[in-house]
Amino acid sequence: MRFYLTTPIYYVNSTPHIGHAYTTIGADIIVRHHRQRGDETFFLTGTDEHASKVARVAEEQGLTPQEYADRIAETWRELPKRVDATNDFFIRTSDEGHKRFVQQFLQRIYENGDIYEDVYRGLYCVGCEAFYTPDELVDGKCPIHETVPETIEEKNYFFRLSAYQDKLLALYDERRDFVLPGFRYNEARSFIEGGLVDFSVSRAGQPWGVPIPWDTDQVVYVWVDALINYLSALNYARPGEDLEPVFWPEVRHLLGKDILRFHAVYWPALLLAAGYEVPRQLFVHGFLLIDDKKISKSIGNVIDPLDLVDVYGVDAVRFYVARVAQFGQDGSASVDSLHERYETELGNDLGNLLSRTTAMIARYRGGTLPIAPREDSPIAAAVATLGAEVASQIDVFDITRALECIWQLVRELNRYVVVRAPWTIAKDEARAGELDEVLYDLCEGLRIAAVALAAHLPTTAEQILGALGQPVELAWTGVAYGQLVAAEGVEAAPPLFPRVEPAASA
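First, a word on what this report is: a plain description of the structure on this page.

What counts, and at which threshold
- Each chain carries its own residue numbering, running from 1 in the written order of its sequence.
- Residues qualify for local features only when their pLDDT is at least 70, as the model is predicted, and side-chain atom pairs are given and counted only at 80 or more; totals for whole chains, interfaces and linings, by contrast, use all residues.
- Hydrogens and waters are ignored; side-chain quantities use all the structure's heavy atoms.
- When a carboxyl oxygen of Asp or Glu is within 4 Å of a side-chain nitrogen of Lys or Arg, the pair counts as a salt bridge.
- The helix and strand labels rest on DSSP assignments: H or I over at least four residues marks a helix, E over at least two residues marks a strand, and numbering proceeds from the N terminus.
- Burial classes follow relative accessibility: with a 1.4 Å probe on protein chains only, a residue under 20% of its type's maximum area counts as buried, one over 50% as exposed, and anything between as partly exposed.
- Under the convention used throughout, the expected extent of a helix is 1.5 Å for every residue step, that is, one less than its residue count.
- Bend, at a single residue, is the angle you get between axes fitted to the 7 residues ending at that residue and the 7 residues starting at it.
- Pairing between strands is defined by DSSP: at least two bridges between them are needed.
- Residues are treated as being in contact if the distance between any of their heavy atoms lies within 4.5 Å.
- Aromatic pairs are defined between Phe, Tyr and Trp rings, using the six-membered ring for Trp, whenever the two ring centres lie within 6.5 Å; interplanar angles under 30 degrees are classed as stacked, those over 60 as edge-to-face, and all others as tilted.
- Counted as over-ring charges are cases with an Arg CZ or a Lys NZ within 6 Å of the ring centre that also lie within 35 degrees of the ring normal.
- Here, axes are lines fitted to C-alpha atoms. For helices the fit covers the stretch in contact, and angles between N-to-C directions go from 0 to 180 degrees.
- Throughout this description, any angle smaller than 35 degrees is read as roughly parallel, any larger than 145 degrees as roughly antiparallel, any in the 65 to 115 degree range as roughly perpendicular, and the remainder as oblique.

### With respect to the pattern of salt bridges
A full pass over the atoms with the stated rule returns 34 salt bridges. Close ionic contact of R184 with E187 constitutes a salt bridge, the shortest N to O distance being 2.8 Å. Of this pair, R184 and E187 both sit in helix α6 (residues 182–193), 3 residues apart, roughly one helical turn. Judged by relative accessible area, R184 falls into the buried class, the value being 10%. We classify E187 as partly exposed; its relative accessible area is 37%. A salt bridge links R341 to E345, with the nearest nitrogen and oxygen atoms 2.8 Å apart. Remark: E345 and R341 occur in helix α13 (residues 335–365); sequence separation between them is 4 residues, near one turn of the helix.

### Concerning helix α3 (residues 65–82)
End to end, α3 covers 26 Å across 18 residues, agreeing with the expected 26 Å (1.5 Å per residue, within 8%). Where α3 bends most, the angle comes to about 25°, and this point is I72. Residues of α3 that are buried include every one of P65, Y68, A69, I72, A73, W76, L79 and P80, and no others. Where α3 ends, the next residue or the one after it, D84, has phi of about 60°, a positive value.

### What to know about the sheet that holds strand β12 (residues 215–220)
Overall, antiparallel pairing links the 3 strands, which are arranged β10-β12-β11 in an open sheet. Both outer strands of the open sheet, β10 (202–204) and β11 (211–212), are each paired with one neighbouring strand and no more. Sheet topology places β11 next to β12; 2 bridges connect them, and they run antiparallel. By the bridge assignment for β12, I212 is matched with D215.

### Thoughts on unusual backbone geometry
Cis geometry is adopted by the peptide bond preceding P181, which originates at L180 and carries an omega value of -10°. Turning to its location among the elements, P181 is positioned in the loop between β8 (179–180) and α6. Residues W248 and P249 are joined by a peptide bond in cis, for which omega reads 10°. Examined against the element boundaries, P249 turns out to sit in the loop between α9 (244–247) and β13 (251–256). The phi torsion at D139 lies on the positive side, around 55°, for a residue other than glycine.

### Some words on the environment of K257
In this structure, K257 sits in the loop between β13 and α10 (260–274). Assessed through its relative accessible area of 22%, K257 is described here as partly exposed. Sequence spacing of K257 and Q329 is 72 residues, and the spatial spacing of their C-alpha atoms is 9.3 Å. Leaving out residues up to four positions away in the same chain, K257 has contacts with R184, V284, H285, G286, F287 and D330.

### Quick notes on the packing of aromatic side chains
Evaluated as defined, the whole model comprises 27 aromatic pairs. Here the aromatic rings of F42 and F247 are separated by 5.5 Å at their centres, their planes lie at 35°, and the arrangement is tilted. Note that F42 is positioned in strand β3 (residues 40–48) and F247 in helix α9, a separation of 205 residues in sequence. An identical accessibility class is assigned to F42 and F247; each is buried. Here the aromatic rings of F105 and Y276 are separated by 5.7 Å at their centres, their planes lie at 10°, and the arrangement is stacked. Separated by 171 residues along the polypeptide, F105 in helix α4 (residues 96–111) and Y276 in the loop between α10 and β14 (281–285) bring together distant segments of the chain. Here the two residues F105 and Y276 agree in accessibility, since each one is buried. When the ring centre of F262 is taken as origin, the NZ or CZ atom of R261, which lies over that ring, is 5.6 Å away.

### Some thoughts on the packing of α4 against α10
As a packed pair, α4 and α10 sit with axes 8 Å apart at the nearest point and diverge in direction by 70°. When the interaxial angle is binned, α4 and α10 end up roughly perpendicular. Side by side, α4 and α10 meet where F105, R108 and I109 of the first sit next to W267, L270, L271, A273 and A274 of the second.

The structure is reproduced here in structure tokens:
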């Protein structure tokens, strides 16, 4: 199977915050899991640079937009690295390969007769880089950025979105899982059913952007420019290789709810107009909220993900992203809640389990793993359906329920330790075989948990396997009982998640 996943590309008008890490980590968890299943994958992220607000910030700093973008893009390129995301390519919309493709893409639509010239009058939020109707504003302000939009009137080129209403409705009726979760599908379909209005695909009087190929006095509207990145990247991500026939349309878009309309309505219509197949699927996640508001630089309620990584480690931040809220819904984020989960679930549930288990192997078996699998093992029963359950959740982008399935095993192993009390069994030499079985089950359960957790907690998974003397073999077929291999020299493992002082909120 081929699996191509994208994040939205991020505006470079400022630096990353935890909301951007939320999307990037979620995408990486999904892609890593598909690699474990042996799928051929491609993972794309990057930066959206041709925005009006980028040009304005550059001017404030006495730089050209390109100079500013070149400087700050490196900060964004660092984000996936710092959160241990394994993207295959990092696209910038100022890449020459992207700009050439955007012009070719729009030229195709223009030649097909679906772009025409007209005058636009309306309200424009620079923060969203989006047009709003008066009814969409809240108290006269953008519902996201809480700023008063600008009134714009200029001659633009328009895309005949209205001509694609019936085709989009047919698409939605044919593919009920085109947009997930289901309530976002309903939201997008209702928007289409309510009537589509043609929209501007160009901006006049703005030199920063991709020139319209048939009228270089105008540039491509930033959202159209940005959406095309999902396709353009395949044409130049690997020099001399065209990945479009390999991965398109096997593409899934991961995005926040604030950009649903662009991805679920405008983007498939543009693709159809240009003669391309539409994406395989879209998954729309909610916001991380502080004081019931979306985390945003413009609002000022920012948590810096790199600060959190420095304090808690990257796996703890990845764990929190998947655990803080049902993926797809809004969730409340705070440093306090991260710290609590770090101590209770990561430190106590998982970290102490590994430390206790390896300490008992060292003490009672001289560091040699006992190999004593049994058909009637309660751990075998506990993991019998784990691989299928986790995979089914990841297939619908539910990294939260997938993690909960795995954590049920972690809890079961902790209960198993308490109920079987191996330290008591060890006092009776006549029960040596029973002790071997219990210690085997604990080690095998931990090995299986490590393989299952590898997409969420890649470094921790390798540490667990290393502490148990197991090879770092992460194929999904390893999520099954009875594969623990013999090992010697096992020592009491140091804490996976040592105690730390709580990080300060921004």
